[in-house]
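# Observations on the three-dimensional arrangement
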Amino acid sequence: MSSELIQSVNKQVATWTVFYTKLHNYHWNVKGPHFFTLHEKFEELYNEAATVIDEFAERILALEGKPGGTLKECLELSFIEEATNQENEEEMVRSLAGDLAKFVDELQASMEVAEKAGDEGTADMLLGVKQSMKKHLWMFKAYLGS
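Just so you know, these numbers come straight off a predicted model, no measurement behind them. Throughout, a residue's number is its position along its own chain's written sequence, starting from 1. Predicted model: local features are reported for residues with pLDDT of at least 70 only, side-chain atom pairs are reported and counted for 80 or more only, and whole-chain, interface and lining totals are derived from all residues. Excluded from the side-chain calculations are hydrogens and water; all other atoms, namely the structure's heavy atoms, are used.

So, about unusual backbone geometry. A positive phi angle is found at Glu64, which is not glycine, with a value near 70°. Mapped onto the elements, Glu64 comes out in the loop between helix 2 (35–62) and helix 3 (71–77). One non-glycine residue, Asn85, adopts positive backbone phi at about 70°. Runs of H or I in DSSP of at least four residues are treated as helices and runs of E of at least two as strands, each being numbered from the N terminus. Relative to the elements of secondary structure, Asn85 occurs in the loop between helix 3 and helix 4 (89–116). On the basis of relative accessibility, which here comes to 44%, the residue Asn85 falls in the partly exposed class. Throughout, exposure labels follow a simple rule: accessible area from a 1.4 Å probe, protein chains only, divided by the maximum for the residue type, with under 20% read as buried, over 50% as exposed, and the rest as partly exposed.

This is the structure:
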């Protein structure tokens, strides 16, 4: 299978791993008037992230590749930044909204690589995740009033 496709999906695994960690950080450290709402939303997202990481890593294995498995690799490949551990609740939501927008774009790019490689299964998997990210992005934008 296409090494370009394996690299593209590996970039997704790496970024989702950073996102998963960031969401846990925010889940543990959120404070403020929207604590209950955000605490629950961050947990929902990190549970979804855990599923996505596993599905994408297993897809890489099915494509006869090897998913990245170290935090160092994930930070090097990720297209989002990790949390600073200094964010207030609004900064957390703004950061995640920016991350979700990047995911939408990068998932589209990965879909195009999969389609070019003739891999409808991977393209379909990426599309499903992209649609979910678009919904979360819409919710965060609504929260921010934008």
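Turning to the nonpolar core, a few remarks are in order. When a protein is soluble and globular, its nonpolar side chains tend to lie buried together. Core analysis: the biggest nonpolar cluster contains 44 residues, and Trp16, Phe19, Leu23, Phe42, Phe56, Met133 and Phe140 have the highest contact counts within it. For this core, the secondary structure elements donating two or more residues are helix 1 (3–29), helix 2, helix 4 and helix 5 (120–144). Sorting elements by how many residues they give to this core places helix 4 first, with 11 residues. Buried Ala, Val, Leu, Ile, Met, Phe, Trp, Tyr and Cys residues that are joined via side-chain atoms within 4.5 Å together make up what is termed a nonpolar core.

The criterion for an aromatic pair is that two Phe, Tyr or Trp rings (for Trp, the six-membered ring) have centres within 6.5 Å, with stacked assigned to planes under 30 degrees apart, edge-to-face to planes over 60 apart and tilted to the rest. Here the structure, examined in full by the defined rule, presents 7 aromatic pairs. A ring pair is formed by Phe19 and Phe103, whose centres lie 5.0 Å apart and whose planes are at 70°; its orientation type is edge-to-face. Of the two residues, Phe19 is situated in helix 1 and Phe103 in helix 4; the sequence distance between them amounts to 84 residues. Side by side, Phe19 and Phe103 carry an identical accessibility label, which is buried. Taken together, the ring pairs in this structure connect Trp16, Phe19, Phe79 and Phe103 into an aromatic cluster.

Moving on: helix 5. Here helix 5 contains 25 residues, and its C-alpha end-to-end distance of 36 Å stays within 8% of the 36 Å for a straight helix at 1.5 Å per residue. Among the residues of helix 5, Thr122, Ala123, Leu126, Val129, Lys130, Met133, His136, Leu137, Phe140 and Leu144 are the ones counted as buried. The contact criterion used is simple: two residues touch if any of their non-hydrogen atoms lie within 4.5 Å. Against the buried residues of helix 5 lie helix 1, helix 2 and helix 4. Side-chain atoms alone can form a polar contact between residues adjacent in sequence; in general such a contact is a pair of N or O atoms within 3.5 Å, and within protein one must be able to donate a hydrogen while the other accepts it. For helix 5, the N-terminal capping position is held by Asp119, with its side-chain oxygen 3.2 Å away from the main-chain nitrogen of Gly121. Multiply 1.5 Å by the residue count of a helix minus one, and that product is the helix's expected span.

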